[in-house]
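# Secondary and tertiary structure notes
Read off the chains here:
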Amino acid sequence: AAPIPIELFAFMSNAKLRGKVLWVGATNRPDLLDVGFRKYNVFEEKLVFLMPEKNSREDMLRKMFIQNEIPFDSGLNFANIADDKYTQGYSASELDELIKRSYRLARLNGRDSVSEKDMIEAAEIFIPKYDPQMYEYTSLLAIREVNSKNMLPPTLSSNLQQIVYENDQISKDKINKRLQELVSELKMS
């Protein structure tokens, strides 16, 4: 990571700007942020965005076809493609890549629109950038940074719920324990 200019920290810490400037930052690796950004009151609220769940993936796929102007068969069952069997843990960019690959398959087979068969074939051969354990790791990193339950998505996968909550409270100990296990499993130093 590139060093953050001292001038930026000075500007962000300027008391005269409090309440006048809204700072927004985003990262998929909060553990790698400069310590200056991790200090209390630099970013007061931390909102977590996790990998889309099935219903969100279905909606995203439908909208991405339209956004990318890719024709699709009227019988394409987006709910089936969004099922965990095919796209669990896929990020928005991976769903977008899946759509583009399915369109290339359709074109290779002499068709102008994507069928459900094209989508399934593309999903079966596509290898996402990261494995599910890495996505679990980055999700837990994000959740660990939260300073208000209200900043978590309204629903978490059952797997994450078991790790994150203890007696309906966020358990940083359980999160840290699972993160340590994942560091070992992923062979991270």
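Thresholds, definitions, all that
Residues numbered from 1 in each chain as written. Predicted model: local features only at pLDDT ≥ 70, side-chain atom pairs only at ≥ 80, totals over all residues. Heavy atoms only, no water. Helix = DSSP H or I, 4+ residues; strand = E, 2+ residues; numbered from the N terminus. Buried < 20%, exposed > 50% of the residue type's maximum accessible area, 1.4 Å probe, protein only. Contact = heavy atoms within 4.5 Å. Areas by Shrake-Rupley, 256 points an atom, 1.4 Å probe, with all protein chains shown as cover. Expected span 1.5 Å × (residues − 1). Arc of directions from axis to C-beta. Phe/Tyr/Trp six-rings, centres within 6.5 Å; stacked < 30°, edge-to-face > 60°. Salt bridge = Lys/Arg side-chain N within 4 Å of Asp/Glu carboxyl O. Core = buried A, V, L, I, M, F, W, Y, C linked by side-chain atoms within 4.5 Å. Axes fitted to C-alpha atoms, helices over the stretch in contact; angles between N-to-C directions. Parallel < 35°, antiparallel > 145°, perpendicular 65-115°, else oblique. Left-handed = near helix turned anticlockwise from the far one by under 90°. Nonpolar A, V, L, I, M, F, W, Y, C, P; charged D, E, K, R; others polar.

Looking now at the overall build of the protein chain. In terms of regular secondary structure, the protein chain is built from 10 helices and 2 strands. Counting from the amino terminus, helix and strand elements in the protein chain follow one another as α-α-α-α-α-α-α-α-α-β-β-α. Taking the principal axes of the C-alpha coordinates as reference, the protein chain spans close to 60 × 40 × 30 Å. By the burial criterion, 33% of the 189 residues in the protein chain qualify as buried. Across the protein chain, every contact between residues at least 6 apart in sequence was considered, and the portion connecting residues at least 24 apart equals 65%. Surface summary for the protein chain: the accessible area is close to 12400 Å², and the carbon and sulfur share equals 52%.

In a regular helix each residue adds 1.5 Å, so 14 residues correspond to 20 Å; helix α10 (residues 172-185) covers 20 Å between its end C-alpha atoms and thus fits that length. Within α10 the residues assigned to the buried category are Ile 175, Arg 178, Leu 179 and Leu 182. The buried residues of α10 all sit within an arc of 105° when viewed along its axis, so they share a single face. What points out from α10, more than 90 degrees from its buried face, is the exposed set Asp 173, Lys 177, Gln 180 and Ser 184. Taken from the residues just after α10, Lys 187 is the one with a positive phi, measuring 55°.

Moving on, we come to the packing of aromatic side chains. Considering all chains together, one arrives at 6 aromatic pairs under this definition. Aromatic side chains Phe 65 and Phe 78 sit 5.7 Å apart centroid to centroid with 70° between the ring planes, which places their arrangement in the edge-to-face category. With Phe 65 in helix α3 (residues 54-67) and Phe 78 in helix α4 (residues 78-82), this pair connects stretches of sequence that are 13 residues apart. As far as the burial class goes, Phe 65 and Phe 78 line up, both buried. When the ring of Phe 72 is compared with that of Phe 78, the centres are 5.2 Å apart and the planes differ by 80°; the resulting orientation is edge-to-face. Clustering of aromatic rings is evident, with ring pairs tying together Phe 65, Phe 72 and Phe 78.

Our next topic: the pattern of salt bridges. Charged atoms that come close allow side chains of opposite charge to pair. Using the criterion set out here, one finds 15 salt bridges in the structure. Lys 63 serves as the salt-bridge partner of Asp 59, at 3.0 Å between the closest nitrogen and oxygen. Here the residue Asp 59 and the residue Lys 63 both occupy positions in helix α3, the gap between them amounting to 4 residues, near one helical turn. A salt bridge links Glu 136 to Arg 178, with the shortest nitrogen-to-oxygen separation between them at 2.9 Å. With a gap of 42 residues between them, Glu 136 in helix α8 (residues 132-145) and Arg 178 in helix α10 connect regions that are remote in the sequence. Here the two residues Glu 136 and Arg 178 agree in accessibility, since each one is buried. Among the charged side chains, a network of salt bridges with common partners joins Glu 136, Lys 177, Arg 178, Glu 181 and Glu 185.

Another aspect to go through is the nonpolar core. In terms of nonpolar packing, the biggest core is built from 21 residues, with Leu 61, Phe 65, Leu 98 and Met 119 touching the most fellow members. Those elements giving two or more residues to this core turn out to be α3, α4, α6 (92-108) and α7 (116-125). Sort the elements by how many residues they give to this core and α6 lands first, with 5 residues. Look past the residues within four positions of Leu 61 in its chain and what remains in contact with it is Phe 78, Ile 81, Ala 82, Leu 95, Ile 99 and Met 119.

The next subject is unusual backbone geometry. Positive phi values are uncommon outside glycine, yet Asp 168 reaches one of about 65°. Locating Asp 168 in the fold gives a position in the loop between β1 (165-166) and β2 (169-170). Residues other than glycine seldom take positive phi values, yet Lys 187 does so here, at roughly 55°. Mapped onto the secondary structure, Lys 187 falls in the segment after α10.

Attention now moves to the packing of α6 against α7. At a closest axis distance of 8 Å, the pairing of α6 and α7 adopts a crossing angle of 120°. With respect to their mutual orientation, α6 and α7 come out oblique. By crossing handedness, the relation of α6 to α7 is classed as right-handed. Together, Leu 98, Ile 99, Arg 101, Ser 102, Leu 105 and Ala 106 of α6 and Asp 118, Met 119, Glu 121, Ala 122 and Ala 123 of α7 make up the contact between the two elements. Across the contact of α6 with α7, the residue classes tally to 7 nonpolar, 1 polar and 3 charged.

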